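Next come the chains, spelled out residue by residue.
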There are 2 protein chains.
Amino acid sequence: MGEAVPIIGGTGALGHGLALRWAQAGVEIAIGSRDAERAAQAAERVREAVPGAKVEGLENSDAARRGPLVVLAVPFRAHSETLNNLRGALEPGQLLCDCTVPLAAAVAGKATRTLGVWQGSAAQQAEEMVPEGVRVVAAFHTIGARLLSQLDESLDQDVLICGDRREDKAKVARLAELIPGLRAVNAGALETARIVEQLTALMISINSRYSSGEAGKVYSGLQVTGLPEGDHWA
Amino acid sequence: MGEAVPIIGGTGALGHGLALRWAQAGVEIAIGSRDAERAAQAAERVREAVPGAKVEGLENSDAARRGPLVVLAVPFRAHSETLNNLRGALEPGQLLCDCTVPLAAAVAGKATRTLGVWQGSAAQQAEEMVPEGVRVVAAFHTIGARLLSQLDESLDQDVLICGDRREDKAKVARLAELIPGLRAVNAGALETARIVEQLTALMISINSRYSSGEAGKVYSGLQVTGLPEGDHWA
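Residues numbered from 1 in each chain as written. Chains lettered and ligands numbered in written order. Predicted model: local features only at pLDDT ≥ 70, side-chain atom pairs only at ≥ 80, totals over all residues. Heavy atoms only, no water.

Visitor: Please give an account of the sheet that holds strand 8 (residues 182-188) of chain B that cites residues and values.
Guide: Read from one edge of the open sheet, 8 strands run 3-2-1-4-5-6-7-8 (chain B), paired in mixed fashion. Each end of this open sheet is capped by a strand with a single partner; those strands are strand 3 (55-59) and strand 8 of chain B. Within the sheet, the average angular offset between the axes of one strand and its neighbour, ignoring direction, is 25°. Of the pairings in the sheet, the one linking strand 4 (residues 69-72) of chain B to strand 5 (residues 95-98) of chain B comprises 4 bridges and is parallel in character. Residue pairing across strands places Leu72 of chain B opposite Asp98 of chain B, the latter belonging to strand 5 of chain B. Packing of helix 9 (residues 199-210) of chain A onto the sheet brings it into contact with strand 7 (157-163) and strand 8 of chain B, and relative to strand 8 of chain B it is tilted by some 100°. Running over the sheet, helix 2 (residues 36-49) of chain B touches strand 2 (29-33) and strand 3 of chain B and is turned about 165° from strand 3 of chain B. (Pairing = 2+ DSSP bridges. Helix = DSSP H or I, 4+ residues; strand = E, 2+ residues; numbered from the N terminus. Axes fitted to C-alpha atoms, helices over the stretch in contact; angles between N-to-C directions. Contact = heavy atoms within 4.5 Å.)

Now the structure itself:
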């Protein structure tokens, strides 16, 4: 296994934004897609935006074998199918960071509403579907894809991380904080993804209230106040 | 009808904190409780903390008649019963600001979990139960009661406001922003309370992760980043 960060669904908006930011930070990226050709094109787009980026594009299963911390950034309608397809690729000891949000838009509903997921959240659905020995963390739901992909924009946002093991969350936190302006916040157990995944719909609702001809398109984020100084993850 | 701000459930932690802060800002307060005697004692505690506070304590129904914007700050287990009891007191044109959170603690569950409310949220349950002509806004779910009641603590938090009419949300926003350090954010339609009410459980989860012997008890809050400058409510 390599030392890259596989981004499954890396041709989508969030996956692309994360790939750009991490590539800029010198992280090696393996962009995954159902279609290896589309993945290769996405990798090329990253290299154009970030000269010298270490990025390759692969079919999802091949990408997933490229590193120990696999980022899952697919639309909810592809969540279950993608995890099924990854069953033969993921190996015990790998960590899956699920960024998926069950927006009602997956079934042609509003993006300010979410679907009920039987297991409680997309991340808990992922936990049920990954091979034994693969653990799941949920993160990056409130980080807007558009801001990520505008490399000259500063972020100044928190990444809320849910997971059942502190050491797993710490790995995602370290990766998140390689992106300038992002602070990783420990949001609690994986089941708390049930709340945190909803926040994407909240941000979309807030964005729609504040965007205007005068203000332009607004891309809001979240910060948690009142936390102690210092490195929570040390 | 008077010009006070009635706080139904004003003997509880959140109601008391809001009463203290608004009294400090010179707002006239009518603290409501099921028990008029307990309400009077709560009013006395506010006067002790804020000399010169204009505050009285009354049975809930009497308090609700004291002003046009009624704040509902009861535990979820008392939500439905309280609204039933207020049916004869609330009048068309009044605005109800519901702060109630359906924490699972209402039925002896965890405070990091919430109950499913048939209508979608406590605020939507309130909307179903108030007399015709009374409108409902939801707010203050992420503002910790403990920080509010420590008058020397600065807040630096956003109040997320959900409601179906901008003018109603603006009234709650004006009231919220009388408290130094609070900014009112338009979170969307009343149905978005389904998301925002969950945030109390999220804050409790975060607080438990960051509180320690060294850091002491942590009381987190939320701020929305990326919003345009200027007064959204003008």
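Visitor: Tell me what's going on with the interface of chain A and chain B, and back it up with residues and numbers.
Guide: Opposite the 38 residues of chain A that make contact, chain B presents 38 residues. Summing the contributions of chain A and of chain B, the shared interface buries around 3,000 Å²; its carbon and sulfur component is 62%. Three residues, Ile195, Tyr210 and Thr225 of chain A, lead the burial of chain A against chain B; their summed loss comes to 22% of the area buried on that side. Put simply, chain A and chain B have 2 salt bridges between them. Of the charged contacts, one joins Arg113 of chain A and Glu191 of chain B as a salt bridge, the two residues approaching to 2.6 Å between their closest N and O atoms. Among the elements that take part in the side of chain A that touches chain B, helix 9 of chain A stands out by supplying 8 residues, more than any other. As paired elements, strand 9 (residues 221-225) of chain A and strand 9 (residues 221-225) of chain B share 5 bridges and run antiparallel to each other. Each bridged residue has a counterpart across the sheet, and for Leu222 of chain A the counterpart in strand 9 of chain B is Val224 of chain B. (Buried area = accessible area lost by both parts, 1.4 Å probe. Salt bridge = Lys/Arg side-chain N within 4 Å of Asp/Glu carboxyl O.)

Visitor: With reference to specific residues and values, describe the packing of helix 1 (residues 13-24) of chain B against helix 2 of chain B.
Guide: Packed helix pairs are characterised by how far apart their axes lie and by the angle those axes make with each other. Residue and element names in this part refer to chain B. Viewed as axis vectors pointing N to C, helix 1 and helix 2 meet at an angle of 45°, and their least axial separation amounts to 10 Å. One finds that helix 1 runs oblique with respect to helix 2. Crossing geometry of helix 1 relative to helix 2 is assigned as right-handed. Contact residues: helix 1 offers His16, Ala19, Leu20 and Ala23, while helix 2 offers Arg45, Val46 and Ala49. A class-by-class count of the residues in the contact of helix 1 with helix 2 yields 5 nonpolar, 1 polar and 1 charged. (Parallel < 35°, antiparallel > 145°, perpendicular 65-115°, else oblique. Left-handed = near helix turned anticlockwise from the far one by under 90°. Nonpolar A, V, L, I, M, F, W, Y, C, P; charged D, E, K, R; others polar.)

Visitor: Before we move on, could you go through the environment of Met203 of chain B and cite the residues and values that matter?
Guide: Note on placement: Met203 of chain B falls in helix 9 (residues 199-210). Those residues in contact with Met203 of chain B, other than ones at most four positions away along the chain, are Val224 of chain A together with Thr142, Ser220, Gly221 and Leu222 of chain B.

Visitor: Let's hear about the relation of the copies chain A and chain B: which residues, and what values?
Guide: When chain A is fitted to chain B, the best match, at an RMSD of 0.0 Å, comes from turning it 180° and sliding it 0.0 Å along the axis. Both chain copies can therefore be described as sitting about a two-fold axis. When C-alpha positions in chain A are compared against the rotation axis, the closest is assigned to Gln223 of chain A, at 2.6 Å. A share of 100% of interface residues in chain A that are also interface residues in chain B marks the association as one of identical surfaces. (Least-squares fit on C-alpha atoms with pLDDT ≥ 70 in both.)

Visitor: Can you explain the packing of aromatic side chains? Please cite residues and give values.
Guide: What characterises a pair of aromatic rings is the spacing of the ring centres plus the angle enclosed by the ring planes. All names here are of chain A. Here the structure, examined in full by the defined rule, presents 2 aromatic pairs over all chains. Relative to Phe140, the ring of Trp22 lies with its centre 5.6 Å away and its plane at 80°, an arrangement referred to as edge-to-face. Of this pair, Trp22 sits in helix 1 (residues 13-24) while Phe140 sits in the loop between strand 6 (135-138) and helix 6 (145-149), and the two are 118 residues apart along the sequence. There is no split in this pair, since Trp22 and Phe140 are both buried. (Phe/Tyr/Trp six-rings, centres within 6.5 Å; stacked < 30°, edge-to-face > 60°. Buried < 20%, exposed > 50% of the residue type's maximum accessible area, 1.4 Å probe, protein only.)

Visitor: Any details on helix 4 (residues 79-86) of chain A? Residues and values, ideally.
Guide: Residues and elements named next belong to chain A. Along helix 4, the residues classified as buried are His79, Thr82, Leu83 and Leu86. What you see down the axis of helix 4 is that its buried residues fit within an arc of 95°, all on one side. Looking at the buried positions of helix 4, the neighbouring elements they touch are strand 1 (5-8), helix 3 (60-64), strand 4 (69-72), strand 5 (95-98) and helix 5 (122-129). (Arc of directions from axis to C-beta.)

Visitor: Explain the pairing of strand 5 of chain A to me, using residue names and the numbers behind them.
Guide: All names here are of chain A. Residues Leu95 and Cys97 of strand 5 are buried on one face, and the alternating residues Leu96 and Asp98, pointing to the opposite face, are buried as well. Taking the sense of rotation as the criterion, the β-α-β connection linking strand 4, helix 4 and strand 5 turns out right-handed. Relative to strand 6, strand 5 runs parallel, the two being bridged by 4 bridges. Bridging across to strand 6, Leu96 finds its partner in Val136. In this region the chain leaves strand 5, passes through helix 5 and returns to the parallel neighbour strand 6; the handedness of that crossover is right-handed. (Right-handed = clockwise from strand over helix to strand, strands pointing away.)

Visitor: So what's going on with the sheet that holds strand 6 of chain A? Residues and values would help.
Guide: The sheet built from 8 strands is open, its strands ordered 3-2-1-4-5-6-7-8 (chain A) with mixed pairing. Every other strand in the sheet has two partners, leaving strand 3 (55-59) and strand 8 (182-188) of chain A as the edge strands with one partner each. In this sheet, neighbouring strand axes are inclined to one another by 25° on average, regardless of whether the strands run parallel or antiparallel. Those strands touched by helix 7 (residues 166-176) of chain A are strand 1, strand 4, strand 5, strand 6, strand 7 (157-163) and strand 8 of chain A, and its axis lies near 155° from that of strand 7 of chain A. Where helix 9 of chain B meets the sheet, it contacts strand 7 and strand 8 of chain A, and its direction lies at approximately 100° from that of strand 8 of chain A.

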